[in-house]
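# Secondary and tertiary structure notes
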Amino acid sequence: MLIDSHCHLDFETFDSDRQRIIESCRQHNICGFMVPSVAPRFWPRQLRLASEYPEVALALGLHPWYVSEAAIESLRDLAKVLDSSPAPVLAIGETGLDKLKGNPELQLLSLKYQLGVAQELDKPVILHSVKTHARLQDILRDYPGVRGVVHGFSGSYEDAMRFIDIGFKVGIGGLITRPNARKIRAAVTRLPLHSMVLETDAPDMGLYGHEGSRNSPENLVLILNCLAELRQQDPESIQRAVLSNTRELFTWPPSV
Ligand SMILES: [Zn+2]
């Protein structure tokens, strides 16, 4: 069984063929999807999706590209929505920092608020980090006990290990299929197997040769195979490890 630990299946781009994609995923043994928020106005849509598909679990939060005064104001309902939701809301996010896009002050405010909620409710956080690894690690030290995943990880082995040392996993996605992504391709050959989960970040993060087109959780198998090839390990043992890592991270999916 494979789990896509990060995909935006609630996005409109999947409205026309979501059902087909989920069925096709089932045939490839991709049996679970963690769908994180980009903004509070998307929460109702995510909750609806989770009520329609038992294989969908949610993270609720505010993405660093989508920060605004109004969105941060709506974030204040996070604990309440989490508490009253019948759907499995297992994590907070995605949140984080991005040096290239979004207002830095609002990103910081939004991040600290979400880390506070994660700490209070003992939920994992899904982090987005672009050129902000060291800064994020500094901030995380102020929230002892908070754990989670740095999703769509792009960075060096050392960057990844510093996150792993403070209790985080790294989300490995389609970037590793791109031959020029040398740093992350080198990093995944050495990272401890217990530190990784797999993700597509669909509809973004197209695989090599398809960078501009819509990505799909169906591609998770290609990411697994690429990781196996880079590590020169058999895909089955990696699949077993990442499934167990995903369970450790989100306490989901239940084992059968
Ligand atoms: Zn994302």
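How each quantity is defined
Residues numbered from 1 in each chain as written. Predicted model: local features only at pLDDT ≥ 70, side-chain atom pairs only at ≥ 80, totals over all residues. Heavy atoms only, no water. UniProt positions renumbered as here; feature names shortened; annotations may be inferred. Helix = DSSP H or I, 4+ residues; strand = E, 2+ residues; numbered from the N terminus. Buried < 20%, exposed > 50% of the residue type's maximum accessible area, 1.4 Å probe, protein only. Contact = heavy atoms within 4.5 Å. Lys, Arg positive; Asp, Glu negative; His and termini not counted. Charge placed at Lys NZ, Arg CZ, Asp CG, Glu CD. Arc of directions from axis to C-beta. Salt bridge = Lys/Arg side-chain N within 4 Å of Asp/Glu carboxyl O. Axes fitted to C-alpha atoms, helices over the stretch in contact; angles between N-to-C directions. Parallel < 35°, antiparallel > 145°, perpendicular 65-115°, else oblique. Nonpolar A, V, L, I, M, F, W, Y, C, P; charged D, E, K, R; others polar. 1 Å grid on protein atoms, 1.4 Å probe; cavity = no way out; pocket = protein on both sides within 12 Å on 5 of 7 lines; lining within 4 Å. Polar contact = N/O pair within 3.5 Å; in protein donor to acceptor, adjacent residues only side chain to side chain. Points joined across faces, edges and corners; volume = space filled by probe spheres on them.

Per an unreviewed UniProt entry, the chain goes by the name Mg-dependent DNase and belongs to Gynuella sunshinyii YC6258. A UniProt comment under Sequence similarities (unreviewed entry) is attached to the chain, and it reads "Belongs to the metallo-dependent hydrolases superfamily. TatD-type hydrolase family."

### A closer look at the overall build of the chain
When helices and strands are tallied, the chain shows ten helices and eight strands. Projected onto the principal axes, the alpha-carbon positions of the chain cover approximately 45 × 40 × 35 Å. Within the chain, the proportion of its 256 residues that are buried is 57%. Partitioning the contacts of the chain with sequence separation of at least 6, the portion at a separation of at least 24 is 70%. When the 27 basic and 31 acidic side-chain charges of the chain are each reduced to a single mean position, those positions are 4 Å apart.

### Some details on unusual backbone geometry
Omega for the peptide link from Ala202 to Pro203 comes to 10 degrees, which places this bond in the cis form. Its place among the elements puts Pro203 in the loop between strand E8 (196-198) and helix H9 (220-231). Between Trp252 and Pro253 the backbone carries a cis peptide bond, its omega angle lying at -5 degrees. In this structure, Pro253 sits in the segment after helix H10 (235-250).

### A few points about helix H2 (residues 43-52)
In an α-helix, one turn spans 3.6 residues; hence positions three or four apart end up facing the same way. Looking at H2, one finds that the buried residues are Trp43, Gln46, Leu49 and Ala50. Down the axis of H2, the sector holding all buried residues measures 120 degrees, keeping them to one side.

### Some thoughts on the pattern of salt bridges
Within this structure, the stated rule accounts for eleven salt bridges. Residue Asp17 is joined to Arg20 by a salt bridge in which the shortest nitrogen-to-oxygen separation is 3.5 Å. Overall, the relative accessible area of 16% leaves Asp17 in the buried class. Take Arg20: its relative accessible area is 42%, and that puts it in the partly exposed class. Here Asp122 ties to Arg147 by a salt bridge, and the two come within 3.6 Å at their closest N and O atoms. With Asp122 in the loop between helix H5 (104-121) and strand E5 (125-130) and Arg147 in the loop between helix H6 (133-140) and strand E6 (148-150), this pair connects stretches of sequence that are 25 residues apart. By sharing partners, the salt bridges in this structure join Asp17, Arg20, Arg214 and Glu218 into a single network.

### Concerning the packing of helix H8 (residues 182-190) against H9
The contact between H8 and H9 brings their axes to 8 Å, and the two run at 70 degrees. Overall, the two elements H8 and H9 adopt an arrangement that is roughly perpendicular. Contacts between H8 and H9 involve Arg185, Val188, Thr189 and Arg190 on the former and, on the latter, Cys226, Leu227, Leu230 and Arg231. Here the residues of the contact of H8 with H9 sort into four nonpolar, one polar and three charged.

### A look at the UniProt feature "binding site: a divalent metal cation 1" (unreviewed entry) in the chain
Mapped onto this structure's residue numbering, the UniProt feature "binding site: a divalent metal cation 1" (unreviewed entry) falls at His6, His8, Glu94 and Asp201. The greatest C-alpha distance among the annotated residues, which extend across 196 residues, is 11.3 Å, indicating that they converge on a single site. Put simply, the named residues that line the largest pocket are His6, His8, Glu94 and Asp201. One can find His8 in the loop between strand E1 (2-4) and helix H1 (18-27). His8 has contacts with Phe14, Val35, Pro36, Val38, Glu94, Asp201, Ala202 and Pro203, leaving out every residue within four places of it along the chain. A distance of 3.2 Å separates polar atoms of two side chains, one belonging to His8 and the other to Glu94.

### Looking at the layout of surface pockets
Considering only enclosed or pocket space, the largest pocket measures out at about 630 Å³ in volume. Surrounding the largest pocket, 29 residues form its lining, Ser129, Val130, Gly152, Ser154 and Met205 being those nearest its centre. Mapped by element, the contributors of at least two residues to the lining of the largest pocket are strand E4 (89-98), E5 and H8. Class assignment for the residues of the lining of the largest pocket results in ten nonpolar, ten polar and nine charged. The volume enclosed by the second largest pocket comes to roughly 190 Å³. In terms of lining residues, the second largest pocket is bounded by Leu97, Asp98, Lys99, Gly102, Pro104, Glu105, Gln107, Leu108, Lys131, Thr132 and Arg135. Breaking the lining of the second largest pocket down by element, the ones donating at least two residues are E4 and H5.

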